[in-house]
Amino acid sequence: MIRRVVDTNVPVAANGRNTNASIDCRIACVDFLNALVECGCAILDLGGRIEEEYRRYLFPSGQPGVGDRFYQVILSSAPARVERIELPVDPDTGEFIDFPADPALAGFDRSDRKFAAAARRSGLPVVNATDGDWLDYKSALSANGISVEFVCGCDTSDWFIDS
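An account of the accompanying structure is given in this report. Residue positions are given per chain, counting from 1 as you read along its sequence in written order. Selection of residues for local features in this predicted model requires a pLDDT of at least 70, selection of side-chain atom pairs for listing and counting requires 80 or more, and totals for whole chains, interfaces and linings are taken over all residues. Note that water and hydrogens are dropped before the side-chain values are worked out from all heavy atoms of the structure.

Describing the environment of R120
Phase 1 of the analysis: Every helix listed is a DSSP run of H or I at least four residues long, and every strand listed is a run of E at least two residues long, numbered separately from the N terminus. In this structure, R120 sits in helix α5 (residues 113-122).
Phase 2 of the analysis: Each residue gets one of three labels from its accessible area relative to the maximum for its type: buried under 20%, exposed over 50%, partly exposed in between, using a 1.4 Å probe on protein chains only. Overall, the relative accessible area of 34% leaves R120 in the partly exposed class.
Phase 3 of the analysis: As a C-alpha pair, R120 and G145 span 25 residues in sequence and 6.1 Å in three-dimensional space.
Phase 4 of the analysis: Within polar-contact distance, the side chain of R120 engages the backbone oxygen of N144 at 3.1 Å. We call two N or O atoms a polar contact when they sit within 3.5 Å, provided that within protein one can donate a hydrogen and the other can accept it, with sequence-adjacent residues counted only if both atoms are side-chain atoms.

Re empty space enclosed by the protein
Phase 1 of the analysis: The way it works is a 1 Å grid over only the protein atoms, where trapped points that fit a 1.4 Å probe form a cavity and open points with protein on both sides within 12 Å along at least five of seven lines form a pocket, and then any residue with an atom within 4 Å of a point lines it. Grid points are joined across faces, edges and corners, and a volume is the space filled by probe spheres set on the points. Applying the stated criterion across every chain yields a total of one cavity of 30 Å³ or more.
Phase 2 of the analysis: Taken as a whole, the largest cavity encloses approximately 30 Å³ of empty space.
Phase 3 of the analysis: Residue lining of the largest cavity: L36, V37, G40, A42, F70, V73, I74 and R81, and that is the complete set.
Phase 4 of the analysis: Among the secondary structure elements, those contributing two or more residues to the lining of the largest cavity are α2 (23-39), β2 (40-45) and α4 (66-76).
Phase 5 of the analysis: Of the residues contributing to the lining of the largest cavity, the split by class is six nonpolar, one polar and one charged. For this classification, Asp, Glu, Lys and Arg are treated as charged, while Ala, Val, Leu, Ile, Met, Phe, Trp, Tyr, Cys and Pro are nonpolar and the rest, including Gly, are polar.

Given below as structure tokens:
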């Protein structure tokens, strides 16, 4: 069974709306999400922060894209398809306790820290499609026990449609 933390850019790229993801990247995202929905499990936080981000970019009706279908499964909280974990926040700093206090990660996108913290807490990879921060900080994340799966590969020239 596939168990992963899924960054929002994966279902967004799979949908093909408001993205300049290449066809190959979109297909890779569609294939990944289809596999996850059919026989996998998405990791979400009990506080709803990941779900809240999905809500801003995806349609809960499950239409018209594969990314929206993924979100619909998340909303239905299908027990076999969703695992919810505690993702505590430090009351003094507002930072996720599971996000490393490593100076090498100081510039890492604050909105992606919930995914990194969930990956570290669960011991599972976070899946990325087209967000360069995951690639830029790959070594520092790895050094802190956070692995990243690049569904569209690690060559950013493969991620986007040539303009």
